[in-house]
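# Reading the structure
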Amino acid sequence: MIGIDGLDIVFGKGARQFHAVRDFSMEIAEGESVGLVGESGSGKTTVLRALAGLVAPTSGTITIAGEPQGSRRSLALRRRLQIIFQDPYGSLHPRHTIDQILREPLEIHRMKISSRRILDALAEVGLGPEFRFRFPHQLSGGQRQRVAVARALIIEPQVLLLDEPTSALDVSIQAEVLNLLTRLRRERGLTYLLVSHDLAVVSHICSRVAVMRLGEVVETLSIEDLRASTPQHTYTRQLLRAAQGYDRTVLEELDQLDEVL
């Protein structure tokens, strides 16, 4: 469903040039859920934005369902792939009701608009009809993210790009949203690419994970290997140790790794 081959993304020119993504390649099968993890600045979100058409690759190819994705994409191709952003408040128009928010993608993609379609979209993410004419500020963070999921799904995409979809939520609400995403993928046969700092989130929703550092994939491993803490690359092992909490020795080892690289 997703094919990425030799993706390079460079920002700026000359002395200010920054190589954000280096020779990134990945294949994701239809219905599969794959995670991208790594520290801030490792290039995870840049890959996601390139897939969504928000960032132009410097070189390399991207295909969705076998169709090459260029700088100009048809409406049909854009409908096939949707993105859910990290901040459930910032991604929703504050002066639009939930009804308007859900109608907009239908209007853009020239799909039939009906009250039943709006209500069904809300019901699918666990929200009742009473939410339809509320504004985003009248909803909790978890409810806003459910609306964001409904907005993405209402045009019936095949692929969802998830940019840290639970990082702005309380831990208890995170579990609810993750369970919702897991159920929707199973019922709709969706393909996910999830970006997250949280290894627990990735292990909950993904079947395998790619670890990025300095714009490159250093290791790809199954969730079973991740849970068993048996990665091969030094950076992945340190990432797992760092996820367990503050440890002075981890910081010292990271400094040594920087010197090696």
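Description of the structure in this document. None of these values were measured; they are calculated from a predicted model.

Conventions adopted
Residues numbered from 1 in each chain as written. Predicted model: local features only at pLDDT ≥ 70, side-chain atom pairs only at ≥ 80, totals over all residues. Heavy atoms only, no water. Helix = DSSP H or I, 4+ residues; strand = E, 2+ residues; numbered from the N terminus. Rg over C-alpha atoms; globule rule 2.2 N^0.38 Å. Contact = heavy atoms within 4.5 Å. Areas by Shrake-Rupley, 256 points an atom, 1.4 Å probe, with all protein chains shown as cover. Pairing = 2+ DSSP bridges. Axes fitted to C-alpha atoms, helices over the stretch in contact; angles between N-to-C directions. Buried < 20%, exposed > 50% of the residue type's maximum accessible area, 1.4 Å probe, protein only. Expected span 1.5 Å × (residues − 1). Polar contact = N/O pair within 3.5 Å; in protein donor to acceptor, adjacent residues only side chain to side chain. Parallel < 35°, antiparallel > 145°, perpendicular 65-115°, else oblique. Nonpolar A, V, L, I, M, F, W, Y, C, P; charged D, E, K, R; others polar. Salt bridge = Lys/Arg side-chain N within 4 Å of Asp/Glu carboxyl O. Core = buried A, V, L, I, M, F, W, Y, C linked by side-chain atoms within 4.5 Å.

### Describing the overall build of the protein chain
- Along the protein chain, the regular secondary structure elements total ten helices and ten strands.
- Scaling as 2.2 N^0.38, a compact globule of 261 residues should have a C-alpha radius of gyration of about 18 Å, and the protein chain matches this with 19 Å.
- Seen through its principal axes, the protein chain has C-alpha atoms that stretch 60 × 40 × 35 Å.
- The contacts of the protein chain with a sequence gap of at least 6 include a subset with a gap of at least 24, amounting to 64%.
- Surface accessibility of the protein chain: about 13,100 Å² in total, with carbon and sulfur atoms responsible for 48%.

### Quick word on the sheet that holds strand E6 (residues 81–84)
- Read from one edge to the other, the open sheet built from six strands follows the order E6-E7-E8-E3-E9-E10, with strand pairing classed as mixed. The sheet is open, and its two borders are formed by E6 and strand E10 (216–222), each paired with just one other strand. Pairs of neighbouring strands in the sheet enclose a mean axial angle of 20 degrees, with direction left out of account.
- Where strand E3 (residues 33–37) lies against strand E8 (residues 191–195), four bridges are found, and the strand directions are parallel. Paired with Ser33 across the two strands is Tyr192, which belongs to E8.

### Description of unusual backbone geometry
- A positive phi is found at Glu164, a non-glycine position, where the angle reads about 45 degrees.
- One can find Glu164 in the loop between strand E7 (159–163) and helix H6 (171–188).
- The buried category is assigned to Glu164, whose relative accessible area is 10%.
- The phi dihedral of Leu214 falls on the positive side, at around 55 degrees, and the residue is not glycine.
- By secondary structure assignment, the location of Leu214 is in the loop between strand E9 (208–213) and E10.
- The class for Leu214 is exposed, based on a relative accessible area of 53%.

### Considering H6
- A rise of 1.5 Å per residue sets the reference length of H6, with its 18 residues, at 26 Å; its end C-alpha atoms lie 26 Å apart and thus fit the reference within 8%.
- Considering only its buried residues, H6 is in contact with helix H4 (115–124), helix H5 (141–153), E7, E8 and helix H7 (199–205).
- Count one or two residues on from H6 and you reach Gly189, which has phi positive near 65 degrees.

### Some words on the side chain of Arg132
- Assignment of secondary structure puts Arg132 in the loop between H4 and H5.
- At 3.2 Å, the side chain of Arg132 forms a polar contact with the side chain of Ser115.

### What to know about the packing of helix H3 (residues 98–108) against H4
- Viewed as axis vectors pointing N to C, H3 and H4 meet at an angle of 110 degrees, and their least axial separation amounts to 10 Å. When the interaxial angle is binned, H3 and H4 end up roughly perpendicular. Residues Ile98, Asp99, Leu102, Arg103 and Leu106 of H3 pack against Arg117, Ile118, Ala121 and Leu122 of H4.
- Looking at side-chain class alone, the contact of H3 with H4 contains six nonpolar, no polar and three charged residues.

### Focus on the pattern of salt bridges
- Counting across every chain of the model gives eleven salt bridges.
- One salt bridge in this structure joins Asp99 and Arg132, with 2.7 Å as the shortest N-O distance. Of this pair, Asp99 sits in helix H3 while Arg132 sits in the loop between H4 and H5, and the two are 33 residues apart along the sequence. Like Asp99, the residue Arg132 is buried in the burial classification.
- When salt bridges that share partners are traced, they join Arg79, Arg117 and Glu156 into one network.

### Here we look at the pairing of E10
- With six bridges joining them, E9 and E10 adopt antiparallel strand pairing. Bridging from a neighbouring strand, Val209 pairs with Leu221 of E10.
- Counting the residues that bridge the hairpin from E9 to E10 gives two residues, and of these Leu214 lies at a positive phi of roughly 55 degrees.

### Quick word on the nonpolar core
- Leu102, Leu160 and Tyr192 are the most contacted members of the largest nonpolar core, which totals 47 residues.
- Considering each element in turn, this core owes the most residues, six residues, to H5.
- Once residues within four sequence positions are removed from consideration, Leu160 is found in contact with Gln82, Ile84, Ala152, Leu153, Leu190, Thr191, Tyr192 and Leu193.
- Counting residues in each nonpolar core, the second largest holds 28 residues, with Leu48, Leu51, Val159 and Leu161 among its members.

### A look at the sheet that holds strand E1 (residues 2–11)
- Taking strand neighbours across the sheet as the criterion, the four strands line up as E2-E1-E4-E5 in an open arrangement whose pairing is antiparallel. Each edge of the open sheet carries a strand with a single partner, namely strand E2 (18–28) and strand E5 (67–68).
- Examined bridge by bridge, E1 and E2 share seven bridges and lie antiparallel to one another. When the bridges of E2 are listed, Ile2 appears paired with Ile28.

Read these as spatial facts, not as claims about activity.
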